[in-house]
Amino acid sequence: MGFGNPTCQQHVKLPFLLPSLLPFLLLLNHFHVAAVTTTVTNIHLAIILKPVTFQEAPSFRNGDACNRERIHIAMTLDSNYLRGTMGAILSILQHSTCPENVEFHFLWARFEPEIFYTIKSTFPYLKFKIYRFESSRVRGKISKSIRQALDQPLNYARIYLSDIIPGNVKRVLYLDSDLVVVDDIAKLWEVDLGGKVVAAPEYCHANFTRYFTDMFWADPELPRAFLGRKPCYFNTGVMVVDVEKWREGRYTQKVEEWMRVQKKKRIYHLGSLPPFLLVLAGEIKGVDHRWNQHGLGGDNIEGKCRSLHPGPVSLLHWSGKGKPWLRLDSRNPCTVDHLWAPYDLYRPTSHFYEG
């Protein structure tokens with residue numbers, strides 16, 4: 001475990017603390033303060049402490065047939081999706097034949113010590129590195145989409161993976177935080193890219209035109225981007241990426257070019273997905289649909305319940321507005337949310353301190 005390359009490392013400077021308060025403040029470090037009440041006359045302090053606690057996951061060990069080849073998985077870290085991230089990690093390790101070969105590369109927008117502590121305490125044996133994603137790289141390029149969550153800079157971090165992860169990592173598997181894996185992740189990792197830069201499940205039956213505005217399709221030049229291709233929709237929340245080919249082909253710059261076009265003309269509505277499609281649709285290596293049963297979070301507006309697609313399943317993905325942990329907490333879950341519940345390590349508790 002460690003932090004990313006030296007230019008991305010974070011350093012924490014602890015202020016001077018009065019010795020008498022130090023034990024109490026150290027205790028508070030692992031809790032969210034839900035309520036504080038004080039009275040000046042009695043110097044009375046009452047604090048309700050709500051720790052964001054996760055049950056420690058069991059340790060997972062390699063089988064006898066495992067070699068030393070690392071499986072590199074990249075994910076973003078966001079406090080709003082941390083519960084999903086922890087479930088995803090558990091599912092990957094639990095179903096891996098060689099869990100000790102899995103190494104995680106986490107990208108976050110800012111240093112959040114409570115997130116680092118949570119990962120380290122929940123998965124003591126996890127191999128992981130954390131890298132700082134500079135939000136300024138995309139802040140001026142993001143256009144407002146149909147859902148606020150899609151407009152967060154961290155949602156665009158996947159575009160910059162080749163600039164952030166170490167140069168010795170030649171291939172990376174990018175995964176969203178709102179999914180669980182129910183098969184050996186090595187099967188997806190080992191897919192033959194066939195010379196392509198990206199491998200992912202393709203959905204050629206989907207209405208591809210709806211991912212772009214009428215203004216895009218009416219333009220005499222813009223649709224020509226798809227000439228010579230048979231573009232199909234693919235979900236960017238599950239991708240195997242050849243990092244070297246991505247870097248050599250300057251794909252980051254190609255995606256950014258379409259983001260700049262979007263700032264001038266409203267050619268799409270869905271955050272970071274459409275520029276990926278403009279650059280790569282019809283040019284990726286197709287993977288079996290079992291590796292992304294997506295859309296379980298419903299649409300991007302209402303998040304209504306959806307059923308599983310027919311066929312075998314290796315990965316369940318709650319893309320869309322509805323997230324299983326929120327729907328379960330509301331006691332109004334969708335049927336598919338119960339498939340996520342076994343991987344939920346979150347254990348909320350409350351304590352009351354009075355002094």
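Our subject is the structure that appears above.
It should be emphasised that the depicted structure is a prediction, and the values quoted were computed from it without experimental measurement.

Parameters at a glance
- Residue indices follow the written sequence of each chain, beginning from 1 at its first position.
- Totals for whole chains, interfaces and linings use every residue, but because this is a predicted model, local features are given only for residues with pLDDT of at least 70 and side-chain atom pairs only at 80 or more, for both listing and counting.
- Only hydrogens and water are set aside; all other atoms, that is, all heavy atoms of the structure, feed into the side-chain values.
- In this description a helix means any DSSP run of H or I spanning at least four residues, a strand means any run of E spanning at least two, and both kinds are numbered starting from the N terminus.
- We call two residues contacting when some pair of their heavy atoms lies within 4.5 Å.
- The definition of a polar contact used here is a pair of N or O atoms within 3.5 Å, where within protein one atom must be able to donate a hydrogen and the other to accept one, and adjacent residues in sequence count solely through side-chain atom pairs.
- Strands were regarded as paired on the criterion that DSSP finds at least two bridges between them.
- Seen with the strands pointing away from the viewer, any crossover whose path from the first strand over the helix to the second strand runs clockwise is right-handed.
- Think of it in three bands: with a 1.4 Å probe and only protein chains considered, a residue is buried below 20% of the maximum accessible area for its type, exposed above 50%, and partly exposed in between.
- Any two of the Phe, Tyr and Trp rings considered here, Trp counted by its six-membered ring, make a pair once their centres fall within 6.5 Å; the pair's planes then place it as stacked at under 30 degrees, edge-to-face at over 60, or tilted in between.

Relative to the helices and strands, Gly286 is located in strand 12 (residues 285-287). For the pair Gly286 and Cys232, spaced 54 residues apart in sequence, the C-alpha separation works out to 9.9 Å. Those residues in contact with Gly286, other than ones at most four positions away along the chain, are Ala200 and Glu202.

On to the side chain of Ser177. Mapped onto the elements of the fold, Ser177 is located in the loop between strand 7 (171-175) and strand 8 (179-181). Within the structure, Ser177 has its side chain in polar contact with the side chain of Thr85 (distance 3.0 Å). Ser177 has contacts with Met75, Thr76, Tyr81, Gly84, Thr85 and Ala88, leaving out every residue within four places of it along the chain.

Further remarks concern the pairing of strand 6 (residues 127-132). Judged from the six bridges that link them, strand 5 (residues 102-108) and strand 6 form a sheet pairing that is parallel. By the bridge assignment, Leu107 is partnered in strand 6 with Tyr131. In the classification by handedness, the crossover that spans strand 5, the intervening helix 3 (residues 113-122) and the parallel strand 6 is right-handed.

The next point concerns the side chain of Asp337. On the secondary structure map, Asp337 appears in the loop between helix 11 (324-329) and strand 14 (351-354). Overall, Asp337 belongs to the buried group, its relative accessible area being 0%. At 2.8 Å, the side chain of Asp337 forms a polar contact with the side chain of Arg327. What Asp337 contacts, discounting residues up to four positions off in sequence, is Trp318, Pro324, Arg327 and Leu328.

This part covers the pairing of strand 7. The element strand 7 is largely enclosed, with a buried count of four among its five residues. For strand 4 (residues 71-77) and strand 7, the ladder comprises two bridges, and the chain directions are parallel. Of the residues in strand 7, the one forming a bridge with Ala74 is Tyr174.

Once that is clear, we can look at the packing of aromatic side chains. Counted under the stated rule, the structure contains 21 aromatic pairs. Measuring from ring centre to ring centre gives 5.6 Å for Phe104 and Phe106, while their planes differ by 10°; the resulting arrangement is stacked. By the burial criterion, Phe104 is buried, and Phe106 matches it. Judged by centre distance (4.8 Å) and plane angle (85°), the rings of Phe216 and Trp217 are edge-to-face.

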